[in-house]
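The residues making up each chain are set out below.
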Amino acid sequence: MNTEIMENIYLLVLVTLLSVMQNGKYSDFTPVMSKRSLRRKRNCMDLYPTFLAIMWCAGICLSQAAAAFAGLMYLFSRQKYFVGYMGQTSQSTLGYLFGKRVLSFLFLMCLVGIGNFLLVKYWSNDYKEYIQTITNAASTLLLIP
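From a predicted model like this one, the values you see are computed outputs, not experimental measurements.

Conventions adopted
- Residues numbered from 1 in each chain as written.
- Predicted model: local features only at pLDDT ≥ 70, side-chain atom pairs only at ≥ 80, totals over all residues.
- Heavy atoms only, no water.
- Core = buried A, V, L, I, M, F, W, Y, C linked by side-chain atoms within 4.5 Å.
- Buried < 20%, exposed > 50% of the residue type's maximum accessible area, 1.4 Å probe, protein only.
- Helix = DSSP H or I, 4+ residues; strand = E, 2+ residues; numbered from the N terminus.
- Contact = heavy atoms within 4.5 Å.
- Phe/Tyr/Trp six-rings, centres within 6.5 Å; stacked < 30°, edge-to-face > 60°.
- Axes fitted to C-alpha atoms, helices over the stretch in contact; angles between N-to-C directions.
- Parallel < 35°, antiparallel > 145°, perpendicular 65-115°, else oblique.
- Left-handed = near helix turned anticlockwise from the far one by under 90°.
- Nonpolar A, V, L, I, M, F, W, Y, C, P; charged D, E, K, R; others polar.
- UniProt positions renumbered as here; feature names shortened; annotations may be inferred.
- Disulfide = S-S within 2.5 Å.
- Expected span 1.5 Å × (residues − 1).
- Arc of directions from axis to C-beta.

## Some details on the nonpolar core
No. 1: Judged by nonpolar contacts, the single largest core of 25 residues is most densely connected at Phe 51, Val 102, Leu 106 and Met 109.
No. 2: Elements with a contribution of two residues or more to this core: helix 1 (3-26), helix 2 (35-61), helix 3 (64-86) and helix 4 (89-123).
No. 3: What Phe 51 contacts, discounting residues up to four positions off in sequence, is Val 15, Ser 19, Gly 71, Tyr 74, Leu 75, Leu 103 and Leu 106.
No. 4: Counting five residues, the second-largest nonpolar core is a separate cluster that includes Tyr 26, Tyr 81, Phe 82 and Tyr 85.

What follows is the structure, given as structure tokens:
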């Protein structure tokens, strides 16, 4: 594979592999699974394709590092959701809301990256460096609960 291409996507590939391992850990189906466990698994599997699509879009269109960091934060929020869902329902709420916030951030990164591409294509204005600086700084704000 071309090393130039790999330099632009290797962090996204690592986060994708981590998410696959996380899915494998929680996708074990046993006949004695409780209703809560099945619901927990289903809730996370519904958002998984969306997460992968917007993480890759944000990483390719704007900033690989910020998208990978947000992807890791999403995986941590899913872990918190998984563990919290087995306890009381209120324990899983924080993980769920944090995951939604990370997905919203990734979606916004996608929109900004596509907008910058259109600016370059039609008006020859490239703001990618400025946007990447802002995005990298803003991605650390995801750590605030």
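Back to the write-up after that little detour.
## A closer look at the packing of aromatic side chains
No. 1: Scanning all chains against the criterion turns up four aromatic pairs.
No. 2: Their ring planes at 70° and their centres at 6.5 Å tell us that Tyr 122 and Trp 123 sit as a pair that is edge-to-face. The same class applies to Tyr 122 and to Trp 123, which are both exposed.
No. 3: An aromatic cluster is built from Tyr 48, Phe 51 and Tyr 74, whose rings are joined through pairwise contacts.

## Concerning the side chain of Gln 22
No. 1: Within the secondary structure layout, Gln 22 lies in helix 1.
No. 2: For Gln 22, a relative accessible area of 9% puts it in the buried group.

## What to know about the packing of helix 3 against helix 5 (residues 128-139)
No. 1: Taken N-terminus to C-terminus, the directions of helix 3 and helix 5 make an angle of 20°; their axes are 9 Å apart at the nearest point. One element, helix 3, and the other, helix 5, form an angle in the roughly parallel class. In this structure, helix 3 meets helix 5 at a crossing whose hand is left-handed. Between helix 3 and helix 5, the residues in contact are Ala 65, Ala 66 and Phe 69 and Thr 135, Asn 136 and Ser 139, respectively.
No. 2: Its residues assigned to classes, the contact of helix 3 with helix 5 comprises three nonpolar, three polar and no charged.

## Re the UniProt feature "transmembrane region" (unreviewed entry) in the chain
No. 1: Following the UniProt record, the feature "transmembrane region" (unreviewed entry) maps to residues 51-76 and 102-123 here.
No. 2: Helix makes up 92% of residues 51-76 and strand 0%. Its end C-alpha atoms lie 13 Å apart.
No. 3: Between the end C-alpha atoms of residues 102-123 there is a gap of 31 Å, over a span that is 100% helix and 0% strand.

## Some remarks on the environment of Gln 91
No. 1: Mapped onto the elements, Gln 91 comes out in helix 4.
No. 2: Each C-alpha atom, one on Gln 91 and one on Lys 35, is 17 Å from the other, the two residues being 56 residues apart in sequence.

## Concerning the state of the cysteines
No. 1: For the coordinates displayed, the defined rule picks out zero disulfides.
No. 2: Cys 57 takes part in no disulfide bond, and the closest cysteine sulfur, belonging to Cys 110, lies 3.3 Å away.
No. 3: Under the relative-accessibility criterion, Cys 57 is labelled partly exposed at 24%.
No. 4: A residue is classified by how much of its surface remains accessible, and Cys 110, at 5% relative accessible area, is buried.

## Thoughts on helix 5
No. 1: Here helix 5 is 12 residues long and its end C-alpha atoms lie 16 Å apart, about the 16 Å a rise of 1.5 Å per residue gives.
No. 2: Listing the buried residues of helix 5 in full gives Ile 131, Thr 135 and Ser 139. Here the buried residues of helix 5 occupy an arc of 65° about the axis, which is enough to place them on one side. Away from the buried face of helix 5 by more than 90 degrees, exposed residues Glu 129, Tyr 130, Thr 133 and Ile 134 are located.

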